[in-house]
Amino acid sequence: MKIGFIGAGNMGRAIIDGWLKMKAVAPADIYVHSAHASSYEPYAKVNGLNAMESNLAVANAADVVVLAIKPNIALDTLKAVQPALTAGKWVITMVSGLSLADYATVAPDVPVLRIMPNVNVAIGAGMTALIGNAALSADQYAAGKKLFDAIGETSEVAEKDFSTFSALAGSSPAYVYFFIDAMARAGVKHGLSKAAATKIAAQATLGSAEMVLKSDKIPFDLIDQVSSPGGTTVAGLLAMEEAGFMTSVVKGIDATIAKELGE
Ligand SMILES: NC(=O)C1=CN([C@@H]2O[C@H](COP(=O)(O)OP(=O)(O)OC[C@H]3O[C@@H](n4cnc5c(N)ncnc54)[C@H](OP(=O)(O)O)[C@@H]3O)[C@@H](O)[C@H]2O)C=CC1
Ligand SMILES: O=C(O)[C@@H]1CCC=N1
């Protein structure tokens with residue numbers, strides 16, 4: 001299957017890098033074009049991808065066209081390449097905030113798989129939501145799911161929940177990195193080097209996430225396991241909550257969802 005990328009910025013490259021790392025797609029099967037030749041040509045060359053001179057050339061060459069561009073240009077760009085989307089071709093879009101109904105306004109008959117990935121696909125540890133439109137066949141959906149199963153976990157998500165998923169999985173790596181950096185800065189405040197503190201905080205975060213996934217306990221029970229009576233952890237937890245930890249996280253997720261919904 002030939003896969004064509006329209007746009008190869010942070011998210012497009014995270015996906016391509018993940019596929020190449022996991023050997024899920026051969027570089028010769030990937031076609032890319034973006035706004036600046038100085039951006040996509042060296043990236044294509046170093047990875048053995050096909051650099052194309054236009055979005056239309058990508059759509060002509062590919063079996064599946066991936067939209068990895070910003071929301072404000074996505075519909076016009078799809079409209080422009082639509083003549084190349086002949087029978088059997090389909091589209092994967094990761095564009096935030098655009099619904100399947102939005103794509104139908106410019107390309108009503110084109111099979112579309114809407115996804116919401118996150119940057120951790122680059123290391124095979126992504127979390128990607130999937131939903132197809134009515135024109136997408138079961139085989140096309142299965143092919144799309146297989147591509148993203150190769151670089152992390154996938155989940156079929158109702159479209160009404162995409163904005164929530166986007167906050168909890170698409171944007172949340174930034175929030176988790178923020179948390180890790182905050183812990184690391186506290187470590188630096190108390191005399192550790194930034195590199196050592198970051199590694200300690202990241203490994204503790206990774207292990208804690210694995211524990212939540214693998215344990216049969218809910219996070220609150222796990223919190224209690226760590227918090228010895230009269231001990232250090234409960235003192236820290238109460239100080240964090242006094243500073244509004246949970247409210248701050250929920251407000252951040254609320255703001256992310258509101259922005260995605262255009263509110
Ligand atoms: N970043 C993330 O973690 C996530 C992003 N998304 C979604 O992915 C999409 C892309 O985001 P992201 O990768 O972060 O953005 P970037 O700004 O990093 O990348 C945007 C890409 O679009 C290219 N581009 C701009 N104009 C055109 C055009 N007319 N034709 C073809 N390519 C064009 C740019 O080209 P050039 O490189 O040459 O300048 C660049 O490669 C967005 O819709 C976003 O909502 C979804 C989930 C997570
Ligand atoms: O910040 C953004 O708009 C995109 C959507 C999800 C993650 N990044």
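Rules of the game
- Residue positions are given per chain, counted from 1 along the sequence in the order it is written.
- Naming scheme: in the order in which they are written, chains are lettered from A and ligands are numbered from 1.
- Only residues with pLDDT of at least 70 get local features here, since the model is predicted, and only at 80 or more are side-chain atom pairs given and counted; chain-wide, interface and lining totals rely on the full set of residues.
- In computing side-chain properties, one takes all heavy atoms of the structure into account and sets aside hydrogens as well as water.
- UniProt positions are given in the numbering used here, feature names are shortened, and annotations may be inferred rather than shown by experiment.
- Each helix is a run of DSSP H or I of at least 4 residues and each strand a run of E of at least 2, with the numbering of both proceeding from the N terminus.
- The rule is simple: take the accessible area with a 1.4 Å probe, protein chains only, and divide by the maximum for that residue type; under 20% is buried, over 50% is exposed, in between is partly exposed.
- Here a residue-residue contact requires only that any non-hydrogen atoms of the pair lie within 4.5 Å.
- Residues grouped as a nonpolar core are buried Ala, Val, Leu, Ile, Met, Phe, Trp, Tyr and Cys residues, joined through side-chain atoms within 4.5 Å.
- Pairing between two strands requires that DSSP report at least two bridges joining them.
- A cutoff of 4 Å decides nearness: a residue is near a molecule or strand if any of its heavy atoms lies inside that distance of it.
- Working definition of accessibility: Shrake-Rupley area with a 1.4 Å probe, residue cover restricted to the visible protein chains.
- Whether a set of points on the 1 Å grid over the protein atoms alone is a cavity depends on a 1.4 Å probe fitting there but being unable to get out, while an open set qualifies as a pocket with protein on both sides within 12 Å along at least five of seven lines; lining residues are those with an atom within 4 Å of a point.
- Should more than half of a molecule's atoms lie within 2 Å of a pocket's or cavity's grid points, that molecule is taken to sit in it.
- A 3.5 Å cut-off defines polar contacts: any pair of N or O atoms within that distance qualifies, except that in protein one atom must be a possible hydrogen donor and the other a possible acceptor, and neighbouring residues in sequence count only when both atoms are side-chain atoms.
- The domain limits used here are those given by an automatic or database domain assignment.
- Accessible surface is computed with a 1.4 Å probe, and the buried area is the amount of it that two parts give up when combined, taken over both parts together.
- The working definition used for a salt bridge is a side-chain nitrogen of Lys or Arg within 4 Å of a carboxyl oxygen of Asp or Glu.
- Just so you know the grouping, Ala, Val, Leu, Ile, Met, Phe, Trp, Tyr, Cys and Pro go in nonpolar, Asp, Glu, Lys and Arg go in charged, and all remaining residues, Gly too, go in polar.

What about the UniProt feature "binding site: NADPH" (unreviewed entry) in the protein?
Cross-referencing UniProt, the feature "binding site: NADPH" (unreviewed entry) maps to Asn55 in the present numbering. Summarising the element assignment, Asn55 is placed in helix H3 (residues 55-61). The class of Asn55 is partly exposed, set by a relative accessible area of 23%. Each residue touching Asn55, except ones within four places of it in the same chain, is listed here: Ile6, His33, Thr77 and Val81.

Quick word on the nonpolar core
With 31 residues, the main nonpolar core has Ile6, Val65, Leu67, Leu78, Leu85, Val91 and Tyr103 as its most contacted residues. Counting only elements with at least two residues in this core, the list comes to H3, strand E4 (64-67), helix H4 (71-81), helix H5 (100-104), strand E6 (112-116), strand E7 (126-132) and helix H7 (162-189). Once residues lying within four places of it in the same chain are set aside, the contact partners of Tyr103 are Leu67, Leu75, Leu78, Thr93, Val95, Leu98, Pro108 and Val112. Core analysis: the next-biggest nonpolar cluster, separate from the first, contains 30 residues, Ala14, Val32, Tyr40 and Ala44 among them.

Details of the UniProt feature "domain: Pyrroline-5-carboxylate reductase dimerisation" (unreviewed entry) in the protein
Within this numbering scheme, the UniProt entry marks residues 159-259 as carrying the feature "domain: Pyrroline-5-carboxylate reductase dimerisation" (unreviewed entry). This span, residues 159-259, is 82% helix and 0% strand, and a straight line between its end C-alpha atoms measures 16 Å.

A look at the sheet that holds E6
An order of E3-E2-E1-E4-E5-E6-E7-E8 is seen for the 8 strands of this open sheet, with the pairing classed as mixed. Both outer strands of the open sheet, strand E3 (50-51) and strand E8 (152-156), are each paired with one neighbouring strand and no more. Bridge count for strand E2 (residues 30-33) against E3 is 2 bridges, and the pairing is parallel. Bridging across to E3, Tyr31 finds its partner in Asn50.

Considering the site of ligand 2
Taken together, the residues surrounding ligand 2 are Ser96, Gly170 and Ser171. The fraction of the free accessible surface of ligand 2 (250 Å²) that becomes covered by protein chains is 41%. Of all the cavities here, the one that holds ligand 2 is the second largest pocket.

Here's the deal with unusual backbone geometry
Residues other than glycine seldom take positive phi values, yet Lys23 does so here, at roughly 55 degrees. For Lys23, the position within the fold is in the loop between helix H1 (10-21) and E2.

Points about the site of ligand 1
Around ligand 1, the surrounding shell holds 22 residues, and the nearest of these are Asn10, Met11, Ser34, His36 and Ile69. At a separation of 3.3 Å, an oxygen atom of ligand 1 approaches a polar side-chain atom of Lys70. Computed on the free molecule, ligand 1 has an accessible area of 900 Å², of which 76% lies beneath the protein chains in the complex. According to the grid-proximity analysis, the pocket containing ligand 1 is the second largest pocket.

Let's talk about the domain arrangement of the protein
The assigned domain composition of the protein is domain 1 (3-157) and domain 2 (165-260). Of the residues lining the interface, 12 residues belong to domain 1; the matching set on domain 2 comes to 7 residues. Taking both partners together, domain 1 and domain 2 bury about 680 Å²; carbon and sulfur atoms supply 64% of that area. Taken as a group, Met116, Asn118 and Met127 account for 44% of the area that domain 1 buries against domain 2, more than any other trio of residues on that side. Residue Arg114 pairs with Glu260 through a salt bridge whose shortest N-O separation is 3.9 Å. Between the two partners, domain 1 and domain 2, sit 4 residue pairs in polar contact (both at pLDDT 80 or more). Among the elements that take part in the side of domain 1 that touches domain 2, E7 stands out by supplying 3 residues, more than any other. Split by residue class, the side of domain 1 that touches domain 2 holds 6 nonpolar, 5 polar and 1 charged.

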